[in-house]
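Remarks on the overall topology
The primary structure of each chain is shown beneath.
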Amino acid sequence: MGLVESFLIYGAITGAVYALLAVGFTLIYGVADVVNMAHGAFYMLGAYIFFSFALELFQLNLYLALILAAIAVGIIASVIHRIFIDPIAEDIIATLVVTVGVALMLQQVMTIVYGIGHVEIPPFLPGSIVIADVTVTYSKILAVAVSLILFFTLWTFMRKAKVGAAMRAAAQDREVAMLMGINTTRLHMLTMAISGSFAAVAGVMISSSTSQMADPFMWLFPLVMSFSIVILGGLGNVKGTFVGALIVGFAETGVVTFVPEGTYLKGAAALAIMVAVLLLRPRGLFGKHIELED
Amino acid sequence: MVTTYLTRAYRSFAIHVLDVPSRLLALLLFQPLLFLPMVLPTSASTNYLLSVLVFGSLSAIFAASWDLLVGRCGQMTLGHAIFFGLGSYVTTMAWVYLGWPIWATIPLAVLITTLASLFIGFPALRVKGPYLALISMALPLIATSLIFYFKDVTGGENGLPMPISGRFFPQMNVFDLRTGEYYLTLLLVAVSGIILYKIAISRTGMVFVSILDDELASKACGINVTKYKMMAFAISAAFASLSGAVYAHILTVASPFAMGTTRSFFVVIMTVFGGMGTIAGGIVGAYLIHFIDSYVLRVIVDVPVEWHPFIFIGIVVIFILKWPRGITRFVTDGLEDLAEEREIEERGAHIWKKYKRKKKSTPEG
Amino acid sequence: MHLLEVENLTKRFGGLTAVKNVSFHIDEGEIVGLMGPNGAGKTTLFHVITGFLKADSGTVKLRGENILGLPPHKIVNKGIARTFQVVRPFRHLPTIANVLVALKSPRGSKKIEWIKTPERKALELLGDVGLSEMMMEPAETLPHGDLKRLEIARALGTEPELLLLDEPFAGLNPIETDLLTKSLRTIHLDGHTMLIVEHKLHALMKLAKRVLVLHYGEKIAEGDPEDIAKNKKVIEVYMGKVA
């Protein structure tokens, strides 16, 4: 009995937080047509920079550290886009290889600077609350709140603000957008900045409310998760990402809750979903890019 | 890169100047490698060199196998290390749990990994380019999770160790052991390289290239593209697992870290350095990387170990940024070997002569 | 029994109906032409017949056997080969290797008589289209006209009964057109049935005994080339309404 409630509540929590993680990935794909394999690395970078600001270097207030980390990663992501991705963006295979290379380079940098073991990521709030017989930490609730706020802020921004409209236009047709006077390179850099900073926030919130640690190899798992969610929801579709995130979140929680020692199998659930979607309905739930045979 | 031009220069030289079949010439140049351990004194530094060559050889097999799949067939994967790891684990587990001898466990490892690759390939190869690359990256992650999950059987994080008797030549002392491993791996590189090369230039290899060039047109030629992709996948997996299995017996442990993304990416680095699509390029590139890593970055200029991967990856990333065609073309001009290959040329010339004679006797309508 | 029988074939792309209720048949030994202004649905029709696109309704039968829904390579191995409007050579392979790939298909490799090697057979096919001299050249170095002929040689490598040619004369100068016409006649005499999409009516007239005309996905005329050339509706469709 307790398991089912646990599954429902934790599933929702995981799903909500994953939405924040995945939306950046879908955003940069939708707007700039880039499959950013370094997305998980931005997640990791967020956690590490947060660690430095909060514990090591400045002993800052955690919330301030979070904001600074988000901004820092946003800038870094933007610069990385300009240097490593923009020159070869038309070439899918090259972007794949380069972004994986960037991710690995960041992994190595983390190893060099912080060491090969893990560092501690402190939780934001102590204590917990009991909902329907399930213990939920305040940290987790905060994580959900932050994720939802940021996610819906982005959604509104895309719908209402001029720049948001520009992003949607660029997503539909890069050339026409350029003809309309939209500086696509700068637009893409902005998009990447948002994408990266969201990933960074997700990195901080997820690691601080679950494992409470960060290591240089932690970037692969979020990448696989993001990819799985975005494939399920439909590449480039923000609404789809939210739905996809919930489904994947529940799937993962299901495995963890109901399968003995299922924590180890988290990745397997995401991979299974990804493969199933790619074989049965490649455009995902809401995607419009129908991959024709020819 | 540089090596490709050197290889071509050497080939032209061999064929046009010396008029000696390039294969014979390769054999002549290969000889010093055979005599190396006998000529050098028994010392720690010789041991070091032999170690570098041993691991270089294993990487060479691994890289050559990847090159067939990616450089010739165009199926970009970034998680090739999974086959390497599977090879390591199957052989170690068979050795530890079944008590089989090495010459049985290694073939078993290759067999099982190849079968697994068919199982994986069946869904994986149906998806488009970037998806295949991503799924392939996810696989080692899943495998590692499974290894941790079944830690009682697999040894989890710490890997599964073998006692010393798991080595190839357990009775020998350190120096002789290294020499033995050296010759063994050298032999394996030679055999694997030749087999992979022969496949690449065979008509099956041509079909692989047709898939690389234009999958749709290939289907229009009646080719069952999925079948050939699986074939490339399986052959590639077989050799990758071979290198993984041998690796396990040299280190006497099967470790989950053998399956990292870094190892998978290094294969990209090696083939880019050596010339993608040429099979030989993967082999040359592997040795090159190992040499730079073990000598240039250690002995000549002392660079801390953590920096090595960063440097290699950085170089390749810059290379791709400057010459994206170099990697998306997948195949450098090395595919001339399909044309230069003696067999087809000789047969072709022979047939052409006959054809011309026939043409003269039966005028065209 | 007809070699190829297409009945009420329809293919839609969202709101656009590219092929609407098209029916026709081809008998063994015929050369049939397929015409129509750009966008009439000719290439789409090819795609559906050869399995590259799925039809929404209708049937396609080869010697009475329903082939609709089969994957492209299976259809090739049943005996229908095609060329593409925009050439699709295997750029990295030498010319002869392009044909060798087709000869590696199940159907292509079956028909090689015991006395011949695949290389000989490939060279023969190249000779049929006049490309023997280029045999060792990488396909990517070939000029456009040669590539079009290579497409045909490659298609022939699969030993087809029915050959679907999509604008084989496009981009060819008069001399090349002449040579190709001769080659196609030879190929026809060798026993291949052909369905040719082409705009150049004069080239088509020399080859085809029967011509179909499509417009906006529908068949609007069928008959021998002379009649089609005089058909008011066809002229209207190509030239626009005469006041």
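Structure report, in brief. All residue numbers refer to positions counted from 1 along the written sequence of the respective chain. Think of it this way: whatever chain is written first is A, whatever ligand is written first is 1, and the rest follow in order. Local features in a predicted model are, by the rule used here, given only for residues with pLDDT of at least 70; side-chain atom pairs are given and counted only at 80 or more, and totals for whole chains, interfaces and linings are based on all residues.

It is worth spelling out the interface of chain B and chain A at this point. Note that contacts rest on C-beta atoms placed from the backbone: two residues are in contact if these are within 7 Å. Opposite the 36 residues of chain B that make contact, chain A presents 36 residues. Elements represented by at least two residues in the side of chain B that touches chain A include exactly α6 (129-149), α12 (261-274), α14 (307-322) and α15 (324-328) of chain B. Secondary structure elements follow DSSP: runs of H or I no shorter than four residues count as helices, runs of E no shorter than two count as strands, and numbering proceeds from the N terminus.

All names here are of chain A. Among the structural elements, Ile49 can be located in helix α2 (residues 39-56). Residue Ile49 is classed as buried on the basis of its C-beta count, with 24 C-beta atoms lying within 10 Å. Discounting residues that sit within four places of it in the chain, Ile49 has contacts with Ala69, Ala72 and Val73. Neighbour counting defines burial: a residue surrounded by 20 or more other C-beta atoms within 10 Å of its own C-beta is buried, one with 12 or fewer is exposed, and intermediate counts give partly exposed, using backbone-placed C-beta atoms.

This part takes up the packing of helix α3 (residues 44-72) of chain B against helix α13 (residues 280-300) of chain B. Think of two packed helices as two axes; the pair is described by the angle between the axes and how far apart they sit. Residue and element names in this part refer to chain B. The convention used is that axes are lines fitted to C-alpha atoms, helices contributing only their stretch in contact, and that angles between N-to-C directions extend from 0 to 180 degrees. At a minimum axis separation of 7 Å, α3 and α13 run at an interaxial angle of 145°. As α3 packs across α13, the resulting crossing turns out to be right-handed. Where α3 approaches α13, its residues Val52, Phe55, Gly56, Ser59, Ala60, Ala63, Ala64, Trp66 and Asp67 are matched on the opposing element by Gly281, Gly282, Ile283, Gly285, Ala286, Tyr287, His290, Phe291 and Ser294. Note on residue categories: nonpolar means Ala, Val, Leu, Ile, Met, Phe, Trp, Tyr, Cys or Pro, charged means Asp, Glu, Lys or Arg, and polar means any other residue, Gly included. Split into classes, the residues belonging to the contact of α3 with α13 amount to ten nonpolar, seven polar and one charged. Two helices crossing with the near one rotated counterclockwise from the far one by less than a right angle form a left-handed crossing, whereas a clockwise rotation gives a right-handed crossing.

All names here are of chain B. For a helix, the expected span equals 1.5 Å multiplied by the residue count minus one. The end-to-end C-alpha distance of α12 is 20 Å, a good match for the 20 Å that 14 residues give at a rise of 1.5 Å each. α12 sits mainly inside the fold: 13 of its 14 residues count as buried. In the stretch just after α12, Gly275 is the one whose phi turns positive, near 110°.

Moving on: the nonpolar core. If you look at the biggest cluster of nonpolar residues, it comprises 286 residues, and the most contacted ones within it are Val17, Met44, Phe50 and Val201 of chain A together with Ile269 of chain B. Element by element, the count of residues in this core is highest for helix α1 (residues 2-32) of chain A, at 16 residues. Discounting residues that sit within four places of it in the chain, Met44 of chain A has contacts with Leu106, Met110, Gly203, Ala214, Met218 and Trp219 of chain A. For the purposes of this analysis, a nonpolar core is taken to be any set of buried Ala, Val, Leu, Ile, Met, Phe, Trp, Tyr and Cys residues that are connected through C-beta atoms within 7 Å.

Residue and element names in this part refer to chain C. The buried fraction of strand β9 (residues 210-215) amounts to five of the six residues, a majority that puts the element mostly inside the structure. Note that β9 and strand β10 (residues 218-223) share five bridges and pair antiparallel. Bridging across to β10, Leu212 finds its partner in Glu222. Pairing between two strands requires that DSSP report at least two bridges joining them. Hairpin connection from β9 to β10: two residues lie between these consecutive antiparallel strands, with Tyr216 at a positive phi of about 50°.

All names here are of chain C. Phi is positive for Glu159, close to 50°, though the residue is something other than glycine. In this fold, Glu159 is placed in the loop between α6 (144-156) and β7 (162-166). In this structure Glu159 comes out as buried when scored by C-beta crowding, with 22 C-beta atoms within 10 Å. In this model, Glu167 sits at a positive phi of 50°, which is unusual for a non-glycine residue. Within the secondary structure, Glu167 is located in the loop between β7 and α7 (174-189). For Glu167, a count of 20 C-beta atoms within 10 Å translates into the label buried.

This part is about α7 of chain C. One turn of an α-helix holds 3.6 residues; hence residues three or four places apart share an orientation. Residue and element names in this part refer to chain C. Over its 16 residues, α7 runs 23 Å from end to end, which matches the ideal 22 Å to within 8%, given 1.5 Å per residue. Of the residues making up α7, those classed as buried are Leu180, Leu184 and Ile187. Burial along α7 is one-sided: seen end-on, the buried residues are contained in an arc of 55°. Set apart from the buried face of α7 by more than 90 degrees, the exposed residues are Pro174, Ile175 and Leu189. Tucked inside the fold, the buried residues of α7 contact α5 (118-129), α6 and α8 (201-207). Phi turns positive one or two residues past the end of α7, at Gly191, with a value near 110°. Directions are taken from the helix axis to each C-beta atom, and the arc is the one they span.

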